[in-house]
Amino acid sequence: MRNTTLCYIESAGKYLMLHRVKKENDENKDKWIGVGGKFESGETPEECAVREIREETGILFSRDKLRFRGIVTFVSDEWGTEYMFLFTAKLSEAQNGISEADIPEENDEGKLEWVPLEAAPELPVWEGDKIFLRMLSENAPFFSLKLQYSGEKLVDFSVLAW
């Protein structure tokens, strides 16, 4: 079991997406996701998200500029269980005044690209990601989403929103 964060950074009707193409033994290989990663010892979800965003993009957000959108529980017969803390943030609220053009084109996990919000679910993403991307686009209230996978196939899901 592991704890992770994922953040969708928004600017001008686009999300900053990471195309995971660099690591061979990567459960997200060839998928498009937001930015984030695994907790370090003693971190809160917000601290983890802030650190991962800075490491992967160079963008510095204060914790209060992140919007905590939900908790996603992934259950996989191949990868085990993961609790993912899902955030969104607006680039215009970053502390270092960075713009879209300042974002590196790649990092050690893959290629970064600004993608129109409506196009994000059409990319090669996990089937369950389409569910929470739709919820984000509909500005759903805080939610808990459980996604159950067999291999790469989504076999069941349930959602509870407040």
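In case you missed it, the structure is sitting above this.
Residues numbered from 1 in each chain as written. Predicted model: local features only at pLDDT ≥ 70, side-chain atom pairs only at ≥ 80, totals over all residues. Heavy atoms only, no water.

1. Quick notes on helix α2 (residues 127-137)
Within the sequence span of α2, burial applies to Gly 128, Asp 129, Ile 131, Phe 132, Leu 133, Met 135 and Leu 136. Following α2 by one or two positions, Asn 139 adopts a phi angle in the positive range, close to 55°. (Buried < 20%, exposed > 50% of the residue type's maximum accessible area, 1.4 Å probe, protein only. Helix = DSSP H or I, 4+ residues; strand = E, 2+ residues; numbered from the N terminus.)

2. Overview of the nonpolar core
Ranked by internal contacts, the top residues of the largest apolar core, which has 45 residues, are Tyr 8, Ile 9, Ile 59, Leu 66, Val 72, Leu 86 and Phe 132. In this structure Leu 66 touches Cys 7, Glu 46, Ala 49, Val 50, Ile 53, Phe 61, Phe 87, Thr 88 and Ala 89, once residues within four positions along its chain are discounted. (Core = buried A, V, L, I, M, F, W, Y, C linked by side-chain atoms within 4.5 Å. Contact = heavy atoms within 4.5 Å.)

3. Here we look at the packing of aromatic side chains
Under the criterion given, the structure shown has nine aromatic pairs. An angle of 35° between the planes, with centres 6.1 Å apart, marks the rings of Phe 68 and Phe 85 as tilted. Highlighted residues: Phe 68 in strand β5 (residues 67-76) and Phe 85 in strand β6 (residues 80-90), separated in sequence by 17 residues. The partly exposed category is assigned to Phe 68, whose relative accessible area is 30%. Taking the centre distance of 5.8 Å and the plane angle of 45° together, the rings of Phe 142 and Trp 162 count as tilted. Residue Phe 142 is located in the loop between α2 and β8 (143-150), and its partner Trp 162 is located in the segment after β9 (153-161); the two are separated by 20 residues in the primary sequence. Taken together through their ring pairs, the aromatic side chains of Phe 39, Phe 68, Phe 85, Phe 87, Phe 142 and Trp 162 make up a single cluster. (Phe/Tyr/Trp six-rings, centres within 6.5 Å; stacked < 30°, edge-to-face > 60°.)

4. What about the environment of Glu 43?
Looking at where Glu 43 falls in the secondary structure, it is placed in the loop between β4 (35-38) and α1 (45-57). Judged by its relative accessible area of 17%, Glu 43 falls in the buried class. Excluding residues that lie within four positions of it along the chain, Glu 43 makes contacts with Lys 38, Cys 48 and Arg 51. Within the structure, the side chain of Glu 43 is placed 2.8 Å from the backbone nitrogen of Glu 40, a separation counted as a polar contact. There is a polar contact of 2.6 Å between the side chain of Glu 43 and the side chain of Arg 51. (Polar contact = N/O pair within 3.5 Å; in protein donor to acceptor, adjacent residues only side chain to side chain.)

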